[in-house]
Amino acid sequence: MNQSKEVIIFDTTLRDGEQAPGCSMTLGEKLKIAHALKDLNVNVIEAGFAAASPGDFEAVNTIAKEIEGPTICTLARCNPDDIEQAHKALEANPNRRIHVFVATSEIHLKHKLNMAKEEVLKAAYEGVKMAKEFCDNVEFSPEDASRTDHDFLTEVVNAAIDAGATTINIPDTVGYTIPYEFGELFNHLITNCENADNVIFSVHCHDDLGLSVANSLAALESGARQVECTINGIGERAGNTSLEEVCMAVKTRKEYFDFHTSIDTTKLYPTSRLVSSITGMHVPRNKAIVGDNAFSHEAGIHQHGMLRHASTYEIMKPQDVGIGRSNLVLGKHSGRHAFLDRVKELGFEISKDELDPAFKEFKKLADRKKEIFDSDIEAIVLNADTSRLNTWELVDLETSSGSSWGALADLKLRKIDGTVHESATEKRRSSGPIDSVFNAINQITGYNLELINFEIHSVSVGEDAQGEVTVTVNFDGQDYRGHGVSTDIIESGALAYLEVINRIERNRERH
Ligand code: KIV
Ligand code: ZN
């Protein structure tokens with residue numbers, strides 16, 4: 001049995017995350033994310049701020065009705081209207097929490113609330129008390145806690161505990177604190193607040209100085225047992241604590257922290273992609289845990305180490321976060337080992353004598369190109385223009401689609417013998433244009449491939465930006481990747497899929 005201490009994961013992607021500029025979501029999108037958060041096994045979902053707008057109310061209410069398992073929570077200011085709205089939105093769910101907050105720092109009292117300390121104390125007490133009438137599970141947050149005088153903060157927290165709060169959340173609202181200082185604040189509160197043992201202390205950080213994860217971990221070390229976070233760290237300004245980073249820090253350094261979370265970490269990557277595709281907030285390549293480069297290696301020495309043993313340059317397994325495998329990117333920094341490894345992966349065998357000249361060719365090409373694709377490696381090894389060895393070539397592609405009827409693809413392919421083949425028009429209701437193009441290609445070529453991965457990247461900017469599609473399929477137990485680039489992403493998809501089929505054909509001929 002796991003004896004380590006459990007850290008409650010409180011996800012606020014749908015509340016604090018959604019508050020970020022450009023991140024607002026529709027009801028359907030919020031529901032999709034709520035389902036993904038449940039599958040990820042978060043403990044608490046803060047579904048929105050029910051009193052903020054009718055749309056927010058509906059989202060919290062729908063999520064409360066539909067999602068079973070995690071606690072569903074909504075935010076409310078310490079006033080009767082907000083708390084009533086929160087109650088109404090949540091009442092359908094027995095596993096609910098009302099989260100009330102009021103600002104406590106001098107700056108907020110003076111410039112925002114225009115309230116005296118006594119009034120804030122009263123609001124905190126009465127807010128919690130009222131929420132408690134509707135719901136046993138009440139969280140209280142003193143907003144801007146990290147810039148609040150410690151004695152006053154202790155008084156406010158005491159009032160909230162006295163009124164019945166079950167969780168006390170300490171926010172670093174403006175991302176101002178630093179780890180040691182924040183850890184000390186938690187020590188102070190846990191030592192000095194009355195009945196601190198009866199509540200769970202929680203931490204809520206923002207990333208203005210890039211310290212939100214470090215500050216959250218410092219709070220956990222000082223006794224906090226709940227961390228508030230968002231997928232991909234989305235949130236106001238520089239964002240919130242990133243769920244994937246804090247959870248993987250706890251998991252990877254378990255011997256140091258001796259904590260655990262309930263998170264199914266293998267769902268981190270898919271959840272991150274879901275949130276990024278819904279919000280349009282792109283995940284930077286170098287983002288920890290879920291960025292494209294997080295498990296990619298290009299430097300020759302690193303690739304060599306990775307090929308010997310992944311632990312040389314990786315502290316986590318990509319599979320642990322839901323990424324299929326590490327990616328040894330071939331480029332000008334790659335060494336002979338990585339080159340040979342990719343050659344073998346593509347199904348080629350080359351002798352020692354052939355390796356030298358092929359590797360030299362590869363280095364020359366890598367100096368000219370940013371990234372080397374499988375087709376480039378193939379061309380080098382075969383010492384030929386692989387496009388001339390293609391069995392199938394795209395002649396024409398037309399697609400149309402409609403949300404009510406599905407998609408349609410008309411396709412013409414030329415075979416290496418010069419014959420032109422046309423797909424029978426196919427209309428499929430539940431699929432999009434890419435799916436219908438792949439089906440049309442299958443129809444003509446006679447393949448039916450298992451699609452493992454499909455990725456789209458923009459490779460330039462502006463109106464005539466090119467989209468690159470990478471497709472990975474499995475055929476006969478071997479993975480094949482194909483790339484396609486065009487200003488039309490449907491065409492990129494068709495080219496990538498055809499590249500895969502041509503590669504399979506070449507491999508079959510060789511063997
Ligand atoms: O950052 C903050 O202070 C908040 C509170 C409302 C918890 O989001
Ligand atoms: Zn916040």
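Since the structure is predicted, the reported quantities are computational estimates derived from the model, not experimental observations. (Residues numbered from 1 in each chain as written. Chains lettered and ligands numbered in written order. Predicted model: local features only at pLDDT ≥ 70, side-chain atom pairs only at ≥ 80, totals over all residues. Heavy atoms only, no water.)

**Student:** Any details on the site of ligand 1? Residues and values, ideally.
**Tutor:** As a structural note, the neighbourhood of ligand 1 is formed by R15, D16, H99, F101, S141, E143, N169, P171, T173, H204 and H206. Note that an oxygen atom of ligand 1 is positioned 3.1 Å from one of the side-chain N or O atoms of D16. T173 has a polar side-chain atom sitting 2.6 Å from an oxygen atom of ligand 1. Bound to the protein, ligand 1 loses 94% of the 260 Å² it would expose on its own. Looking at side-chain class alone, the shell around ligand 1 contains two nonpolar, six polar and three charged residues. (Near = heavy atom within 4 Å. Polar contact = N/O pair within 3.5 Å; in protein donor to acceptor, adjacent residues only side chain to side chain. Areas by Shrake-Rupley, 256 points an atom, 1.4 Å probe, with all protein chains shown as cover. Nonpolar A, V, L, I, M, F, W, Y, C, P; charged D, E, K, R; others polar.)

**Student:** So what's going on with the coordination of the zinc ion (ligand 2)? Residues and values would help.
**Tutor:** Coordination of the zinc ion (ligand 2) by the protein comes from D16 (OD), H204 (NE2) and H206 (NE2), over a distance range of 2.0 to 2.1 Å. The sequence pattern describing where the donors of the zinc ion (ligand 2) fall on their chain is D-x187-H-x1-H. Pair noted here: D16 is in helix α1 (residues 13–17) and H206 is in the loop between β8 (200–205) and α9 (212–221), with a separation of 190 residues, a long-range link. H206 carries the same exposure label as D16, and that label is buried. (Donors = N, O, S within 2.8 Å, 3.2 Å for Na, K, Ca; no water. Helix = DSSP H or I, 4+ residues; strand = E, 2+ residues; numbered from the N terminus. Buried < 20%, exposed > 50% of the residue type's maximum accessible area, 1.4 Å probe, protein only.)

**Student:** Account for the environment of L389, naming residues and giving values.
**Tutor:** With respect to the helices, strands and loops of the structure, L389 is situated in the loop between α16 (374–382) and β13 (392–402). Residues L389 and R506, spaced 117 residues apart in sequence, show a C-alpha to C-alpha distance of 7.7 Å.

**Student:** So what's going on with the sheet that holds strand β18 (residues 467–475)? Which residues, and what values?
**Tutor:** Taken in spatial order, the three strands line up as β17-β18-β19 in an open sheet, and their pairing is antiparallel. The sheet is open, and its two edges are formed by β17 (450–458) and β19 (478–486), each paired on a single side. Between one strand axis and the next, the sheet turns by 15° as a mean value, whatever way the strands run. Direction of pairing for β18 relative to β19: antiparallel, over a ladder of nine bridges. Within β19, the residue paired with F475 across the bridge is Q478. (Pairing = 2+ DSSP bridges. Axes fitted to C-alpha atoms, helices over the stretch in contact; angles between N-to-C directions.)

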